[in-house]
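Reading the structure
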Amino acid sequence: MPADPPEQFVNRVAVTGLGPVSSIGSGISIFADALFSGNSGISRISRFDPSGFPYQHAGEVVGFDPAHYLRRLDPAEWGRSSQLAAAAARLAVADARLDPHRIDPTRAHAIIGTTSGESAVIEAVTAQLVAAGFPGQDPALLAQLPANRIAHAVSMELGLEGESLTIANACSASNCAIGYGYDLLSDGRADVVLAGGAESVCRWIHAGFYRLGAVADNVCAPFDRDRAGLLTGEGGAVLVLETFEHARARGARIYAEVLGYAVNCDASHPVAPDLDGISACMRAAHLDAGVKPSDVDYISAHGTGTRVGDQVEGQAILDVFGPEPPPVSSIKSMIGHTMGAASAFGAIASILAIDRGLLPPTMNFGSVDPGLAGLDTVPNAARPATVRVAQNNGFAFAGDNAIVMLGAVA
Amino acid sequence: MNGVMVRGWSALSSAGIGTRALSDRIAGMDLDTAPTGPDTEFAEPLPAPGHAVTGFDPVARLGRKGTSTYDRVTALTSVCCQEALEEAGTVVDDTTSPRIGVVLGTTLGSLKSSSDFERDTLVHARPYMVNPRLFPTGVMNFAAGQVAIRFGLRGVNATLAGGDVAFFNGLRYAATMLGHGRAEVMLTGAAEEFTPHRAWAAHLTGGTAAPLGEGAAMFVLTRPDAPSWTGPDRWAHVRGVATGFGAGDRSGAALTGCVIRLLEETRTDPAVVTTVLTGEATADDTTEYGPVAQALGQSPRRMMVKRLLGECSAASAALALSFLLAADADPGLTLLTARGRDGSVGAALVEVLPRCRR
């Protein structure tokens, strides 16, 4: 029963630039080639010493060199999540052919999602604490801790002076960021929004998921009958969103349109997903975007590869869409669970599907889960398809669900 | 956008727990009160005392159920939300709960929870022998999520890591959700905990102008034309809120610009602003008041709530609004501002409504 949105919120919202910094490659053309080839970004963990852990693999951005991307920020002053966000934002504006100096900086916002903020910095200062007590912590590292700096890194790198906001809604945070950016553009408070997410691989997140029984050894196989769990991942993923008016005035290429979104909360369990909450979020997203389930051509799944998570998501899709839902794939089979960046990577994959007429595959798919019969997971190979409307799922701890709807532009 | 209405609120701070404790403290008006806490026994030494919430027993207020994993910021937030919802008289049932959202401002959640979890991976012979039930507490959205679970609030649930400006981010986010019809009620505020981890981080990075503080302030917000189930009272009208960013020494100009935008958007004559609540803590510090006065073209009365309640980081501006609502005197049209140390700025224009002043 949501109220009808007021009529003055009429600006259409365009996606004009895509900036992925990922374990399967950075920059949109390299990322897209890897994505549609089904490449794996999983490797043995190098960001921390994993030798004490039974499982030792993750989706790291191996060899990430922030100085290669950043023009204004001094990487030494910023944590890894901030570096990844700012690098992704640089790639996104380059892809959009948007000169940040030629926009009104006060009407350009940076809205960036994260799960654990500067988690690798927390890891580093905690190691110092354990070794030498609180006074032994490095002030320069402590100064990098505040999570608000992740969005500020984007604002500072690009010279943006509008809102600079880090949304910390865990693993659906970057869908929340895209959604909030959509609102700011649609109601006229922004010309441009850099929206996305960033996350770093770190020891305590790996340990936490492992102890929840949610981590796989070295293969993430979403929706597979024998799926064993997720692999943690990292990266930065940022989209350039603009009003149609702003994009067209500068002659920008428009990849796709943000049709709408929905956010809700299961309000039931700190970590377990809830079928009713997720189904309600899907229905609300369709309503907000003005589409019917039968209009949806592709679903980019949250699909972490855990037994319960995939079961609940798949069941919710079957409940909402009926026995023959549109194709559903999870790119986490390639890049792992990039948490705060995951939904933004999912959005990029959805937009590429619309733009290229190609569905990203679910890799590592062996056999159909009898509990999810009817789900077409685009197994193991990309597939040509016309995608007019795509649904991008994001779910999180605390039952924070966020779903963004994306559409082709005629 | 026509702003948002404050329909009820509560606050926890070194002044005490709840609206009356804050009113009583303000009536006594011991500005520059000596830091009183914390009264919690920490295993680790503290660099300095702080303005902590004392005599706080979350189990007594929330019950044993569900609280065993709570860290301090989650307990402060939960109790504050319980009180604010009661104060507002908002009806929470199966019909209304999907229309009630939560937005909580923070700096990085509980640094202690995240760091303690990491610590366990370092000190145990087997690094994975951590307590899985404590894992979600290390993730920033734990407190807001617990509020949703405890009180059954199924609308949007947002955690905004805005640091010093978080409450302004939260007001703007709430106004957006309400204005776009995505929620009917937004339980909006910010919280920050006093722990050795935060105290040492503040101390080692140059200290704070006021002694470190902690607290939470939560406000039940609606559109001006909200349905009756949202509650009977109207405490204040937040006419508008603006945020911005300026790198390095550009943040002063960003704050001036932010206030000018706010005045324009709300069609407010700057001459009628009578009071400014800033985030400074000493009279000779005008790094925030200066740019604000420049935007206003006049120099209204300045109040510095941090002198009373300490440096509460993300919660400071939320506590400043609670201070305004708890004070007995009519403050006139008031501007709340913040200038964060990392370059973000925020401002909100607040009109306290007379018929609810107590």
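Residues numbered from 1 in each chain as written. Chains lettered and ligands numbered in written order. Predicted model: local features only at pLDDT ≥ 70, side-chain atom pairs only at ≥ 80, totals over all residues.

1. A few points about the overall build of chain B
Across its full length, chain B carries 11 helices and 11 strands. At 19 Å, chain B has a C-alpha radius of gyration in line with the 21 Å of a compact globule built from 358 residues. Dimensions of chain B, computed from the C-alpha atoms along their principal axes, are close to 65 × 50 × 40 Å. Classification of the 358 residues of chain B by burial places 63% in the buried group. (Helix = DSSP H or I, 4+ residues; strand = E, 2+ residues; numbered from the N terminus. Rg over C-alpha atoms; globule rule 2.2 N^0.38 Å. Buried ≥ 20, exposed ≤ 12 C-beta atoms within 10 Å, placed from the backbone.)

2. Re the overall build of chain A
A count of helical and extended segments in chain A gives 13 helices and 15 strands. Relative to a compact globule of 410 residues, whose C-alpha radius of gyration would be 22 Å, chain A shows 20 Å and is just as compact. Overall, chain A is about 60 × 55 × 40 Å in size when its C-alpha atoms are taken along their principal axes. Within chain A, the proportion of its 410 residues that are buried is 66%. Look at the contacts in chain A between residues 6 or more apart in sequence, and 80% of them connect residues 24 or more apart. (Contact = placed C-beta atoms within 7 Å.)

3. Quick word on the pairing of strand S1 (residues 4–13) of chain B
All names here are of chain B. A large share of S1 lies buried, amounting to 10 of its 10 residues. Judged from the 3 bridges that link them, S1 and strand S7 (residues 236–245) form a sheet pairing that is antiparallel. Counted as the bridge partner of Met5 is His237 from S7. Two strands pair when backbone bridges link them, and S1 and strand S6 (residues 215–222) are joined in this way by 7 bridges, in the antiparallel orientation. By the bridge assignment for S6, Ser10 is matched with Met218. One ladder, built from 2 bridges, connects S1 with strand S2 (residues 16–17); its direction is antiparallel. (Pairing = 2+ DSSP bridges.)

4. Topic: the interface of chain A and chain B
Counting residues at the interface gives 63 residues for chain A, matched by 64 residues for chain B. Considered class by class, the residues forming the side of chain A that touches chain B number 36 nonpolar, 18 polar and 9 charged. Across 2 bridges, strand S6 (residues 164–167) of chain A lies against strand S4 (residues 157–161) of chain B in antiparallel orientation. Bridge pairing links A:Ile167 to B:Leu160 in S4(B). (Nonpolar A, V, L, I, M, F, W, Y, C, P; charged D, E, K, R; others polar.)

5. So, the environment of B:Phe117
Relative to the assigned elements, B:Phe117 resides in helix H4 (residues 111–123). When the 25 C-beta atoms within 10 Å are taken as the criterion, B:Phe117 is described as buried. Residues B:Phe117 and B:Val130, 13 residues apart in the sequence, show an inter-C-alpha distance of 7.1 Å. In this structure B:Phe117 touches A:Trp204, A:Gly208, B:Val130, B:Leu134, B:Phe135 and B:Gly138, once residues within four positions along its chain are discounted.

6. Describing the packing of helix H3 (residues 80–95) of chain A against helix H6 (residues 148–158) of chain A
Think of two packed helices as two axes; the pair is described by the angle between the axes and how far apart they sit. Residues and elements named next belong to chain A. With their axes 8 Å apart at the nearest point, H3 and H6 run at an angle of 40° to one another. Of the possible angle classes, the one that applies to H3 and H6 is oblique. Crossing angle aside, the handedness with which H3 passes H6 is right-handed. Of H6, the residues touching H3 (which contributes Ser81, Ser82, Ala85, Ala86, Ala89, Arg90 and Val93) are Arg149, Ile150, Ala153, Val154, Glu157 and Leu158. Of the residues in the contact of H3 with H6, the class split is 8 nonpolar, 2 polar and 3 charged. (Axes fitted to C-alpha atoms, helices over the stretch in contact; angles between N-to-C directions. Parallel < 35°, antiparallel > 145°, perpendicular 65-115°, else oblique. Left-handed = near helix turned anticlockwise from the far one by under 90°.)

7. Things to note about the confidence of the model for chain B
Per-residue confidence for chain B averages 94 on the pLDDT scale, and 96% of its residues sit at or above 70. What the predictor reports for the complex is a pTM of 0.97 with an ipTM of 0.97. (pLDDT = per-residue confidence, 0-100.)

8. A short note on helix H4 (residues 119–132) of chain A
End to end, H4(A) covers 20 Å across 14 residues, agreeing with the expected 20 Å (1.5 Å per residue, within 8%). Along H4(A), the residues that are buried comprise A:Ser119, A:Ala120, A:Val121, A:Ile122, A:Glu123, A:Ala124, A:Val125, A:Thr126 and A:Leu129. Those residues of H4(A) that are buried lie in contact with H3, helix H5 (139–142) and helix H8 (203–211) of chain A together with H4 of chain B. The first or second residue beyond H4(A) is A:Gly133, which carries a positive phi of 75°. (Expected span 1.5 Å × (residues − 1).)

9. Overview of the domain arrangement of chain A
All names here are of chain A. Domain annotation for chain A reports domain 1 (13–249) and domain 2 (260–407). Taken together, the contact pairs 57 residues of domain 1 with 60 residues of domain 2. Per-element accounting of the side of domain 1 that touches domain 2 gives the leading share, 7 residues, to helix H7 (residues 173–186). Looking at the side of domain 1 that touches domain 2 residue by residue, the class counts come to 29 nonpolar, 22 polar and 6 charged. (Domains from an automatic or database assignment.)

10. Observations regarding unusual backbone geometry
All names here are of chain A. Even without being glycine, Arg97 reaches a positive phi, approximately 50°. With respect to the element layout, Arg97 can be found in the loop between H3 and strand S5 (108–113). The exposure class of Arg97 is partly exposed, given the 13 C-beta atoms found within 10 Å. With phi around 55°, Ala267 is a residue other than glycine that occupies positive phi space. Structurally, the position occupied by Ala267 is in the loop between strand S9 (256–265) and helix H10 (275–289). A residue is classified by how many C-beta atoms lie within 10 Å of it, and Ala267, with 26 of them, is buried.

11. Here we look at the domain arrangement of chain B
Residue and element names in this part refer to chain B. Here chain B is described as being made up of domain 1 (4–230) and domain 2 (238–356). Computed over C-alpha atoms only, the centres of domain 1 and domain 2 are separated by 21 Å. In this complex, domain 1 contributes 47 residues to the contact, which on the side of domain 2 involves 38 residues. Those elements that place two or more of their residues in the side of domain 1 that touches domain 2 are S1, helix H1 (19–28), strand S3 (100–106), helix H6 (166–179), strand S5 (185–192) and S6. The element best represented in the side of domain 1 that touches domain 2 is H6, accounting for 7 residues. Classifying every residue of the side of domain 1 that touches domain 2 by side-chain character gives 25 nonpolar, 17 polar and 5 charged.

12. Quick look at the packing of H7(A) against helix H13 (residues 342–356) of chain A
Residue and element names in this part refer to chain A. Running from N to C, H7 and H13 point in directions that differ by 65°, and their axes come no closer than 5 Å. Residues Ser174, Asn175 and Ile178 of H7 lie in contact with H13, whose contacting residues are Ala342, Ser343, Ala344 and Ala347. For the contact of H7 with H13, the residue count by class is 4 nonpolar, 3 polar and no charged.

13. Description of helix H5 (residues 142–151) of chain B
All names here are of chain B. Along H5, 8 of the 10 residues are buried, which leaves the element largely enclosed by surrounding structure. Among all positions of H5, only Phe142, Ala143, Ala144, Gly145, Gln146, Val147, Ala148 and Ile149 are buried. Positioned one or two residues after H5, Gly152 has a phi angle of 70°, which is positive.

14. So, the confidence of the model for chain A
Scored by pLDDT, chain A has a mean of 96; 98% of the residues are at 70 or more. Across residues 1–5 of chain A, confidence stays below pLDDT 50; counting only partners more than four residues off in sequence or on other chains, it has 8 contacts.

15. What to know about the pairing of strand S8 (residues 273–278) of chain B
Residue and element names in this part refer to chain B. In terms of burial, S8 is largely enclosed, as 5 of its 6 residues are buried. By the bridge criterion, 4 bridges tie S8 to strand S10 (residues 333–339) in an arrangement that is parallel. Following the sheet pairing, Leu277 is matched in S10 by Leu336. Of the strand pairs in this sheet, S8 and strand S9 (residues 301–304) are connected by 4 bridges, and their pairing is parallel. Residue Thr278 lies in a different strand from S9, and its bridge partner there is Met304. Assessed by its sense of winding, the connection that carries the chain from S8 through helix H9 (residues 289–296) to S9 is right-handed. (Right-handed = clockwise from strand over helix to strand, strands pointing away.)

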